[in-house]
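# Examining the three-dimensional arrangement
Single-letter residue listing:
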Amino acid sequence: MWPPELPPLPALTRAEGELIDRYLEALDLLGRINPARGTSTYASLRAAQALVRASAGLRDALALMHSRGESELHTETLGRALRVLDGERRARRVTVPPREGA
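Right, let's walk through the structure included here. Only a predicted model underlies this, so the values are computations on that prediction, with no experimental measurement involved. (Residues numbered from 1 in each chain as written. Predicted model: local features only at pLDDT ≥ 70, side-chain atom pairs only at ≥ 80, totals over all residues. Heavy atoms only, no water.)

## Digging into the nonpolar core
Note on soluble globular proteins: their nonpolar side chains tend to be buried together. Threshold: Put simply, buried Ala, Val, Leu, Ile, Met, Phe, Trp, Tyr and Cys residues joined by side-chain atoms within 4.5 Å make one nonpolar core. Burial classes: relative accessible area under 20% of the type maximum marks a residue as buried, over 50% as exposed, and values in between as partly exposed (1.4 Å probe, protein chains only). Runs of H or I in DSSP of at least four residues are treated as helices and runs of E of at least two as strands, each being numbered from the N terminus.
If you look at the biggest cluster of nonpolar residues, it comprises 10 residues: Ala 15, Leu 19, Ile 20, Leu 24, Leu 27, Leu 58, Ala 61, Met 65, Leu 78 and Ala 81. Elements with a contribution of two residues or more to this core: α1 (14-33), α2 (41-67) and α3 (75-84). No other element matches α1, which puts 5 residues into this core. Counting residues in hydrophobic clusters, the runner-up holds 6 residues, among them Ala 26, Ala 47, Leu 51 and Ala 54.

Shown next, in the form of structure tokens:
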């Protein structure tokens with residue numbers, strides 16, 4: 001049996017697609033660094049080092065959008081893309097987990 005089919009990604013410019021990709025990359029790395037969820041200082045260190053590169057990619061994607069005249073972020077469309085790409089689950093790794101027994 002096949003898993004349920006995901007909804008299609010909304011139409012994005014190439015720069016918007018790059019922005020989403022770089023944002024999710026940075027989000028995943030922040031989740032790996034989160035001291036409330038991590039298990040290894042070495043893994044957190046590696047993720048922090050990679051975050052420097054990821055944030056530069058995020059900056060470059062936004063600079064490209066700006067230079068092309070894409071001056072507004074279409075939050076509804078970009079939010080839909082993030083949800084299709086499992087952004088909600090990935091963002092939960094950045095938060096502090098609830099207290100045990102709460």
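Past the structure itself, the notes keep going.
## Notes on the pattern of salt bridges
Oppositely charged side chains may form a pair once their charged atoms are brought near each other. Our working rule: Any Lys or Arg side-chain nitrogen located within 4 Å of an Asp or Glu carboxyl oxygen qualifies as a salt bridge.
Evaluation of the coordinates by the stated rule reveals 6 salt bridges. Notably, a salt bridge pairs Arg 22 with Glu 25, separated by 2.8 Å at the nearest N-O pair. Here Arg 22 and its partner Glu 25 are both found in helix α1, 3 residues apart, which amounts to about one turn of the helix. The structure contains a network of salt bridges with shared partners spanning Glu 18, Arg 22, Glu 25 and Arg 53.

## Quick word on unusual backbone geometry
Negative phi is the rule for most residues except glycine; trans is the rule for most peptide bonds. A positive phi angle, close to 65 degrees, is found at Asp 86, a residue other than glycine. Mapped onto the fold, Asp 86 is located in the loop between α3 and α4 (87-92). Exposure remark for Asp 86: the relative accessible area of 33% places this residue in the partly exposed category.

## Quick word on a positive patch on the surface
Selection rule: Exposure above 30% relative accessible area and the lack of any salt bridge qualify a residue for a patch; like charges then connect within 9 Å, and the nonpolar side chains Val, Leu, Ile, Met, Phe, Trp and Tyr within 5 Å. For the area figures, the Shrake-Rupley method with a 1.4 Å probe applies, and any residue is considered shielded solely by the protein chains shown. Think of it this way: Lys and Arg go in the positive column, Asp and Glu in the negative one, and His and the chain ends go nowhere. Charge positions are represented by NZ for Lys, CZ for Arg, CG for Asp and CD for Glu.
Positive charge collects at one region of the surface, where Arg 32, Arg 37, Arg 46, Arg 92 and Arg 93 lie side by side. Note on placement: Arg 92 falls in helix α4.

## Looking at the packing of α1 against α3
Spelled out, the test is: The axes are straight lines fitted to the C-alpha atoms, using for helices just the contacting stretch, and the angles between their N-to-C directions are given from 0 to 180°. Throughout, the term roughly parallel applies to angles under 35 degrees, roughly antiparallel to angles over 145, roughly perpendicular to angles from 65 to 115, and oblique to all others. Rotating anticlockwise by less than a right angle from the far helix to the near helix defines a left-handed crossing, while the corresponding clockwise rotation defines a right-handed one. Contacts are residue-level and defined by heavy atoms, with any inter-residue pair within 4.5 Å sufficient. In this classification, Asp, Glu, Lys and Arg are treated as charged, Ala, Val, Leu, Ile, Met, Phe, Trp, Tyr, Cys and Pro as nonpolar, and every other residue, Gly included, as polar.
Contact pair α1 / α3: the axes reach a minimum separation of 11 Å and the direction vectors enclose 50 degrees. The angle between α1 and α3 falls in the class oblique. In this structure, α1 crosses over α3, and the sense of that crossing is right-handed. Contact residues: α1 offers Glu 16, Leu 19, Ile 20, Tyr 23 and Leu 24, while α3 offers Leu 78, Ala 81 and Leu 82. Taken together, the residues of the contact of α1 with α3 sort by class into 7 nonpolar, no polar and 1 charged.

## Points about the packing of α1 against α2
Their axes nearest at 8 Å, the elements α1 and α2 cross at an angle of 160 degrees. One way to sum up the angle between α1 and α2 is to call them roughly antiparallel. By crossing handedness, the relation of α1 to α2 is classed as left-handed. Of the residues assigned to the contact of α1 with α2, the class counts are 18 nonpolar, 2 polar and 6 charged.

Distances and angles like these do not, on their own, reveal function.
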